[in-house]
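# Chain and residue survey
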Amino acid sequence: MAAERAARDWSQRDAVRALRAHAPGELPSDDSLIRQWKRWESGATPNDFYRPVIAALFGTVTHALFPAPARRDGEREIMEASGMETLEIVSRLNRSDVDNATLDALRITTDRLCSEYPFMPSAQLLIEGRAWLRRVVDLHSKSLTLAQHREVLALSGWLALLVGCVEYDSGERHAAESTRRAALSIATESDHGEVAGWAHEMRAWFALTTGDYRGVIAAAQAGAEVAEHHGVAVQLAAQEAKAWARLGDRRQVEVALDRGRRMLEGMPHPQNLDNHFVVDPAKFDFYAMDCYRLVGEDKIASTLAEEVLRAGTDFDGTERAPMRNAEARVTLGVTAARAGDLEGALIMGERALQGDRQSVPSLIMTSRELAAEMKRRYSAEPAAQDYLANLRTLGQENPGFLPG
């Protein structure tokens, strides 16, 4: 709270006055609220009434500013939930018919794979994802009830979405688009709005990273029509906000972000925050960070970037969200460059390019924004030239993701 307030150059009295504008009812006197605010900034947790009001004040959602304890399921918990190891699941899949216990195990396996997206090396996850997708698709030739058939279609859709995301991260642009279309076809056949929504969200993401900003908006709006009551609608609003930011329309950025914030605030807190296709409330700061960096709100953008890094790193330094962290470092690099801190900008820019788990198109997109600042301000500096050379190498290795 203190960092968010400082990013807006507010005193505590300023914050309390702004709080009144977001409160649904009467509040105590300013002096009383200031005493409460001091306690909150000292570590006390606001009550259920104040938490959403404070979140709205700072343009975020309750569980992003006041996160619930994370629940991270390990392999042992998954094994206990399904009662099966991989070998037994595969053995059951080879039978002429499939029982509900096998489908439960497949559902848990799919959730596990989607939860490993943020940190498992792309090559490994791609092999596993494709293997499980083939196994699930083969179930269509088995004897299934109508309910089982719908479940198999849904699992096929989720696995296709996962495989498509990893393909795109890995630079397999055309394969990713084919897989995305397959997921959308499955969703249409099974009338699965959530899978369809994520297929449209992937199209928005693809368009964003290739510079087709109007395409982002069209895809986001198409996805919202089929998945307006699902969490993916929040991410669709975020993608739309990112596109408007790159088109230079600040008003539409705020409209899209506010729409996403209001939807997310009204949704129950997710059980598994690690699943890539679950909208983590803490990710809302990540969406807003990108937008505020682009519209030049450097203090807010850097504050959000620091929060993204904090939320994406375990107490021992292990990075739980390396791809988000990389983009947060680019943001810190951009704000440092604009503030005249070349050394800080280079440190953050180089760190963003490191790491085994990367989303290459997203990293290229955001890093090019840092490169633009480097060229504008430090083109004669040898260290800046080295960074630009490293970025050119990444772009040459993945030419399909350079905005046209």
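Described below are features of the structure shown in this document. (Residues numbered from 1 in each chain as written. Predicted model: local features only at pLDDT ≥ 70, side-chain atom pairs only at ≥ 80, totals over all residues. Heavy atoms only, no water.)

## Points about empty space enclosed by the protein
Applying the stated rule across the entire model yields two cavities of 30 Å³ or more. There is about 50 Å³ of room inside the largest cavity. Lining the largest cavity are Met323, Ala326, Glu327, Arg357, Gln358, Ser359, Ser362 and Leu363. Looking at the lining of the largest cavity, the elements with two or more residues in it are α18 (322–338) and α20 (360–378). It is α18 that provides the largest number of residues to the lining of the largest cavity, a total of three residues. In the lining of the largest cavity, the residues fall into three nonpolar, three polar and two charged. Every residue lining the second largest cavity is listed: Glu4, Arg8, Phe58, Gly59, Thr60, Phe284, Asp285, Ala288, Tyr292, Ile300 and Leu304. Elements represented by at least two residues in the lining of the second largest cavity include exactly α16 (283–294) and α17 (298–311). When residues of the lining of the second largest cavity are assigned to their parent elements, the largest contribution, four residues, is made by α16. (1 Å grid on protein atoms, 1.4 Å probe; cavity = no way out; pocket = protein on both sides within 12 Å on 5 of 7 lines; lining within 4 Å. Points joined across faces, edges and corners; volume = space filled by probe spheres on them. Helix = DSSP H or I, 4+ residues; strand = E, 2+ residues; numbered from the N terminus. Nonpolar A, V, L, I, M, F, W, Y, C, P; charged D, E, K, R; others polar.)

## A word on the layout of surface pockets
In this structure, the largest pocket occupies an estimated 900 Å³ of space. If you go around the largest pocket, you meet 42 residues; those closest to its centre are Asp280, Lys283, Phe286, Ala321 and Arg324. Elements supplying a minimum of two residues to the lining of the largest pocket: α5 (62–65), α12 (193–209), α14 (232–247), α16, α17, α18 and α20. Of the residues in the lining of the largest pocket, the class split is 21 nonpolar, nine polar and 12 charged.

## A look at the pattern of salt bridges
Under the counting rule described, the total for this entry stands at 32 salt bridges. The partner of Asp30 in a salt bridge is Arg20, with the nearest N and O atoms 2.9 Å apart. A residue pair is termed long-range when its members are at least 10 positions apart, and Asp30 in helix α3 (residues 30–41) and Arg20 in helix α2 (residues 12–22) qualify at 10 residues. Since its relative accessible area comes to 31%, Arg20 is described here as partly exposed. Residue Arg112 is joined to Glu116 by a salt bridge in which the shortest nitrogen-to-oxygen separation is 3.1 Å. By relative accessible area, Arg112 is classed as buried at 12%. Residue Glu116 is classed as buried on the basis of its relative accessible area of 12%. Because the salt bridges share partners, they merge into one network encompassing Asp298, Arg338, Glu373, Arg376 and Arg377. (Salt bridge = Lys/Arg side-chain N within 4 Å of Asp/Glu carboxyl O. Buried < 20%, exposed > 50% of the residue type's maximum accessible area, 1.4 Å probe, protein only.)

## Description of the side chain of Arg246
Within the secondary structure, Arg246 is located in helix α14. Separated by 2.8 Å, the side chains of Arg246 and Asp290 make a polar contact. Among the polar contacts made by the side chain of Arg246, one reaches the side chain of Glu369 at a distance of 3.0 Å. Dropping the residues within four chain positions of it, Arg246 is found in contact with Leu208, Tyr213, Asp290, Arg293, Leu294, Met365 and Glu369. (Polar contact = N/O pair within 3.5 Å; in protein donor to acceptor, adjacent residues only side chain to side chain. Contact = heavy atoms within 4.5 Å.)

## Focus: the packing of α16 against α17
At a minimum axis separation of 8 Å, α16 and α17 run at an interaxial angle of 150°. Compared by their axis directions, α16 and α17 come out roughly antiparallel. You can see that α16 and α17 cross each other, and the crossing is left-handed. Counting all contacts with α16, which are made through Asp285, Phe286, Ala288, Met289, Tyr292 and Arg293, the residues of α17 involved are Ile300, Ala301, Leu304, Ala305, Glu307 and Val308. (Axes fitted to C-alpha atoms, helices over the stretch in contact; angles between N-to-C directions. Parallel < 35°, antiparallel > 145°, perpendicular 65-115°, else oblique. Left-handed = near helix turned anticlockwise from the far one by under 90°.)

## A look at α12
For α12, spanning 17 residues, the distance from its first C-alpha to its last is 24 Å, which sits close to the expected 24 Å at 1.5 Å a residue. Within α12, 14 of the 17 residues are buried, which leaves the element mostly enclosed by the surrounding structure. Just past α12, the residue Gly211 takes up positive phi, approximately 85°. (Expected span 1.5 Å × (residues − 1).)

## Some remarks on the environment of Gly164
Topologically, Gly164 is positioned in helix α10 (residues 146–169). Residue Gly164 is classed as buried on the basis of its relative accessible area of 0%. Distance in space between the C-alpha atoms of Gly164 and Ser379 is 38 Å, their sequence separation being 215 residues.

## Things to note about the nonpolar core
By size, the foremost hydrophobic cluster in this structure holds 76 residues, and its most contacted members are Tyr117, Leu161, Leu162, Leu257 and Phe277. Residues contacting Phe277, with those up to four places away along its chain left out, are Cys114, Trp158, Leu161, Leu162, Cys165, Glu194 and Trp198. Ranked by size, the runner-up nonpolar core spans 22 residues in total, among them Val334, Ala337, Leu363 and Leu370. (Core = buried A, V, L, I, M, F, W, Y, C linked by side-chain atoms within 4.5 Å.)

## A short note on unusual backbone geometry
You will see that Asp9, though not glycine, has its phi angle at about 60°, which is positive. For Asp9, a relative accessible area of 56% puts it in the exposed group. Positioned with a positive phi, Asp191 is a non-glycine residue whose angle comes to about 55°. Mapped onto the elements of the fold, Asp191 is located in the loop between α11 (173–190) and α12. Judged by its relative accessible area of 67%, Asp191 falls in the exposed class.

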